[in-house]
Amino acid sequence: MNHVARRTARTVTRSRAAVRSAALGVAVIALAAGCGAGGTAEDGDDSSDQTQQTEQAQESGASDTGGSEDSTDTGASDGGGSDDATSDSGGSDDASGQSSAAGGEALPRDADLAAQELPVPAEEAIEIAKEATGGGDLTHIEIDHDDDVWEWELEIILDGRQHDIDVDATTGEVTEHDQDDDDDQDPVVDVTSPMPYSEAIQIAVGEAPGRVSGWELDSDDGRIRYQIEIDRAEGGDDVEVEIDVETGETRIDD
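Here the structure is a predicted model, which means the values were calculated and not measured. (Residues numbered from 1 in each chain as written. Predicted model: local features only at pLDDT ≥ 70, side-chain atom pairs only at ≥ 80, totals over all residues. Heavy atoms only, no water.)

## Things to note about the overall build of the protein chain
Moving on, step 1. From N to C terminus, the protein chain includes three helices and eight strands.
Moving on, step 2. Of the regular secondary structure in the protein chain, the N- to C-terminal order runs α-α-β-β-β-β-α-β-β-β-β.
Moving on, step 3. When each of the 254 residues of the protein chain is scored for burial, the buried share is 28%.
Moving on, step 4. Taking the intrachain contacts of the protein chain between residues at least 6 apart in sequence as the baseline, contacts between residues at least 24 apart amount to 44%.
Moving on, step 5. For the protein chain, the computed accessible surface area is about 15,700 Å², with 45% contributed by carbon and sulfur atoms. (Helix = DSSP H or I, 4+ residues; strand = E, 2+ residues; numbered from the N terminus. Buried < 20%, exposed > 50% of the residue type's maximum accessible area, 1.4 Å probe, protein only. Contact = heavy atoms within 4.5 Å. Areas by Shrake-Rupley, 256 points an atom, 1.4 Å probe, with all protein chains shown as cover.)

Okay, here's the thing in structure tokens:
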């Protein structure tokens, strides 16, 4: 083969190698591009999964928040229960208001004790007085209108001491408490037995009609009696009706 032919053959061989090299380079670039795209797609899928997980977590959190709201509602409901307890305490207020049955409205000066009840009745006044003394026995009780107020006056004997106690018949307040040695040794009296004071008042009004302005229960020479003060209805003189609690015998003192 001559020199020219050999040169031509080399040139063709080099051209073919260059073409193969170029084709290989294109294939490598394409492969790299494909891998990159695949990686991007996978990354995109991962990102999408993360987004879904985040949204699910948010939804779950929202659901938990709803649970908290339910809890809050339950708390509010519990609060309502507290309100009920407060209401019960309001009932408790009624219990304390019982001593303030004392808290009733004061009777007028010209009240008729045969028809109207004092805010602090006799039984309650006795309890108040005994609480002030720490116990004891009742030997005298009296109610009248004095110094612009209805007031109970009581004598309680305890351990050889006589306690003189004044109780406001409207508020139940102890307004005076004096004590001294018991020299009289008077018998014990009871406003409920053997004759309740309400019965004594009705007997007195039957004997001398009028307004009952006061009464007392004590003893005289060992005999226990009520003394009911009555203002006569038709401008007559005031009278006092004395009633023996044992016999029911009456005596009118003009």
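## A word on the side chain of aspartate 231
Moving on, step 1. Residue placement: aspartate 231 occurs in strand 6 (residues 223-232).
Moving on, step 2. Residue classification places aspartate 231 among the buried residues on the basis of a relative accessible area of 18%.
Moving on, step 3. A polar atom in the side chain of aspartate 231 sits 2.4 Å from the side chain of arginine 211.
Moving on, step 4. Residue contacts for aspartate 231: discarding those within four places in its chain leaves Gly210, Arg211, Ser213 and Asp238. (Polar contact = N/O pair within 3.5 Å; in protein donor to acceptor, adjacent residues only side chain to side chain.)

## Observations concerning helix 3 (residues 197-207)
Moving on, step 1. Tyr197, Ala200, Ile201 and Ala204 are the residues of helix 3 that are buried. Around the axis of helix 3, the buried residues are gathered within 100° of arc, so they sit on the same side.
Moving on, step 2. The inward-facing, buried residues of helix 3 abut helix 2 (122-133), strand 5 (210-220), strand 6 and strand 7 (239-244). (Arc of directions from axis to C-beta.)

## A word on the environment of alanine 114
Moving on, step 1. Checked against the element boundaries, alanine 114 lands in the loop between helix 1 (3-99) and helix 2.
Moving on, step 2. The class for alanine 114 is partly exposed, based on a relative accessible area of 28%.
Moving on, step 3. Taking the C-alpha atoms as reference points, alanine 114 and glutamate 199, 85 residues apart in sequence, are found 9.8 Å from one another.
Moving on, step 4. Excluding residues that lie within four positions of it along the chain, alanine 114 makes contacts with Ile201, Gln202, Val205 and Val212.

## A few points about the sheet that holds strand 8 (residues 250-253)
Note on sheets: strands pair through backbone hydrogen bonds, and any given pair is parallel or antiparallel.
Moving on, step 1. Read across the sheet, eight strands follow the order 4-3-2-1-5-6-7-8 without closing on themselves; strand pairing throughout is antiparallel. Sheet topology places strand 4 (174-181) and strand 8 at the edges, where each strand pairs with a single neighbour. Put simply, the sheet's adjacent strands are angled 20° from each other on average, direction ignored.
Moving on, step 2. When strand 5 meets strand 6, the two strands line up antiparallel, connected through ten bridges. The residue of strand 6 that forms the bridge with valine 212 is isoleucine 230.
Moving on, step 3. Together, strand 1 (137-146), strand 2 (149-158), strand 3 (161-168), strand 4 and strand 5 form the strand contacts of helix 2, whose direction differs from that of strand 2 by roughly 50°.
Moving on, step 4. Of the strands in this sheet, strand 5, strand 6, strand 7 and strand 8 are in contact with helix 3, which crosses strand 6 at around 50°. (Pairing = 2+ DSSP bridges. Axes fitted to C-alpha atoms, helices over the stretch in contact; angles between N-to-C directions.)

## Topic: the confidence of the model for the protein chain
Moving on, step 1. Of the residues in the protein chain, 58% reach a pLDDT of 70 or more, and the chain-wide mean stands at 74.
Moving on, step 2. The low-confidence segment residues 1-9 (pLDDT under 50) makes one contact with residues lying over four places distant or belonging to another chain.
Moving on, step 3. Here residues 30-51 is a poorly scored stretch, pLDDT under 50, and it has zero contacts once near neighbours within four places are set aside; other chains count. (pLDDT = per-residue confidence, 0-100.)

## Section: the side chain of glutamine 162
Moving on, step 1. Its place among the elements puts glutamine 162 in strand 3.
Moving on, step 2. A residue is classified by how much of its surface remains accessible, and glutamine 162, at 13% relative accessible area, is buried.
Moving on, step 3. Within the structure, the side chain of glutamine 162 is placed 3.0 Å from the side chain of aspartate 164, a separation counted as a polar contact.
Moving on, step 4. Each residue touching glutamine 162, except ones within four places of it in the same chain, is listed here: Glu155, Ile156, Ile157, Asp178, Gln179, Asp180, Asp181, Asp182 and Asp184.

## Structural notes on the pairing of strand 3
Moving on, step 1. Among the eight residues that make up strand 3, six are buried, leaving the element largely enclosed by the rest of the structure.
Moving on, step 2. Of the pairings in the sheet, the one linking strand 2 to strand 3 comprises eight bridges and is antiparallel in character. Looking at strand 3, one finds that tryptophan 152 is bridged to valine 167.
Moving on, step 3. Count of turn residues in the strand 2/strand 3 antiparallel hairpin: two residues, of which aspartate 159 carries a positive phi of about 50°.
Moving on, step 4. Connecting the antiparallel pair strand 3 and strand 4 is a turn made up of five residues, with glycine 172 showing a positive phi of about 80°.

## Thoughts on the pattern of salt bridges
Moving on, step 1. A complete count under the given rule lists ten salt bridges for this structure.
Moving on, step 2. Its salt-bridge partner being arginine 109, residue aspartate 148 comes within 4.0 Å of it at the nearest N-O pair. Placement of aspartate 148 in the loop between strand 1 and strand 2 and of arginine 109 in the loop between helix 1 and helix 2 is noted, with a sequence separation of 39 residues between them.
Moving on, step 3. Aspartate 148 sits in the exposed class, given a relative accessible area of 65%.
Moving on, step 4. Taking relative accessible area as the criterion, arginine 109 reaches 55% and is therefore assigned exposed.
Moving on, step 5. With a shortest N-O distance of 2.4 Å, aspartate 231 and arginine 211 are connected by a salt bridge. A residue pair is termed long-range when its members are at least 10 positions apart, and aspartate 231 in strand 6 and arginine 211 in strand 5 qualify at 20 residues.
Moving on, step 6. Put simply, Asp218, Asp220, Arg223, Arg225, Glu242, Asp244 and Arg251 are held in one network by salt bridges that share partners. (Salt bridge = Lys/Arg side-chain N within 4 Å of Asp/Glu carboxyl O.)

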